[in-house]
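# Observations on chain architecture
Below, each chain spelled out in residue letters.
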Amino acid sequence: MAFELPDLPYSHDALASSGMSEETLQYHHDLHHNAYITKANELIAGTDLEGKSLEELITLTYNDADKQGLFNQVSQAWNHNEFWHMMKPNGGGAMPPELETRIVADFGSVDGFKKAFSAAGAGQFGSGWVWLTEEAGTLKVIGTPNGVNPLCLGRNTLLGCDVWEHSYYIDYRNKRPAYLENFLEKLVNWENVAGRLATS
Ligand code: MN3
């Protein structure tokens, strides 16, 4: 069965007062995210990859030089499926205590984590993502190019922020650090992050 564009878990204007406009979500979800899904379906149709999940396709294509076109589409389809749930209206604020304890243990402080996340996101050259993931039981921040995500590296995905220009150019123009700061302070759904940590 072909992949379908999932609805946003909130209305298109729900994040506007938290620093992500209705116009950004119209472009980013309805056009960009939809394009990844449409192109993935086109590349899979009629091949022996039909019927596989996005997660399976990401793992299968990541290291296959002949399938990078498909990898780009399926990884970006999955990344955005997850990304919308990592934000919520009036997000940010305090973390659930069990998550904060882990963050403080591995980054020294919540502020230390935010600085590491913002620096990795701002420092990712060109298009990509910044992630919070776990490596051998320790929380880590990593930046990845294009559609690469922690699944490709055999790791869990706790939080991700899209740093492609299409994610911030309407609201922040060229100011990626301001977009990242707003993401951490006003958009992140920390309960979602804590839930991922508890089940991964
Ligand atoms: Mn995007």
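Residues numbered from 1 in each chain as written. Predicted model: local features only at pLDDT ≥ 70, side-chain atom pairs only at ≥ 80, totals over all residues. Heavy atoms only, no water.

Glancing now at the overall build of the protein. A tally of regular secondary structure across the protein gives eight helices and three strands. Secondary structure elements of the protein occur, N-terminal to C-terminal, as α-α-α-α-α-β-β-β-α-α-α. Relative to the compact-globule value of 16 Å for 200 residues, the protein shows a C-alpha radius of gyration of 16 Å, a close match. Taken along its principal axes, the extent of the C-alpha atoms in the protein is 50 × 40 × 30 Å. Here the protein holds 200 residues, and the buried ones make up 47% of them. Expressed as a percentage of contacts within the protein between residues at least 6 apart in sequence, the contacts between residues at least 24 apart total 68%. When the accessible area of the protein is evaluated, it comes to approximately 9300 Å², of which 51% is carbon and sulfur surface. (Helix = DSSP H or I, 4+ residues; strand = E, 2+ residues; numbered from the N terminus. Rg over C-alpha atoms; globule rule 2.2 N^0.38 Å. Buried < 20%, exposed > 50% of the residue type's maximum accessible area, 1.4 Å probe, protein only. Contact = heavy atoms within 4.5 Å. Areas by Shrake-Rupley, 256 points an atom, 1.4 Å probe, with all protein chains shown as cover.)

Moving on, we come to the coordination of the manganese ion. For the manganese ion, the full set of protein donor atoms is His28 (NE2), His80 (NE2), Asp162 (OD) and His166 (NE2), and the range of their distances to it is 1.9 to 2.2 Å. For the manganese ion, all donor residues lie on one chain, and their spacing in sequence is H-x51-H-x81-D-x3-H. Taken together, the positions of histidine 28 in helix H1 (residues 22–44) and histidine 80 in helix H3 (residues 68–83) put the pair 52 residues apart, joining distant regions of the chain. The residues histidine 28 and histidine 80 share a single accessibility class, namely buried. (Donors = N, O, S within 2.8 Å, 3.2 Å for Na, K, Ca; no water.)

This paragraph deals with the domain arrangement of the protein. Segmentation of the protein into domains returns domain 1 (21–85) and domain 2 (97–195). With centres defined by C-alpha atoms, the gap from domain 1 to domain 2 works out at 20 Å. Facing 18 residues of domain 1, the contacting portion of domain 2 comprises 22 residues. Carbon and sulfur atoms supply 63% of the area buried between domain 1 and domain 2, which totals about 1600 Å² over both sides. Counting across the interface, domain 1 meets domain 2 through zero salt bridges. Elements that contribute at least two residues to the side of domain 1 that touches domain 2 include exactly H1, helix H2 (54–61) and H3. When residues of the side of domain 1 that touches domain 2 are assigned to their parent elements, the largest contribution, seven residues, is made by H3. Here the residues of the side of domain 1 that touches domain 2 are counted per class, giving seven nonpolar, nine polar and two charged. (Domains from an automatic or database assignment. Buried area = accessible area lost by both parts, 1.4 Å probe. Salt bridge = Lys/Arg side-chain N within 4 Å of Asp/Glu carboxyl O. Nonpolar A, V, L, I, M, F, W, Y, C, P; charged D, E, K, R; others polar.)

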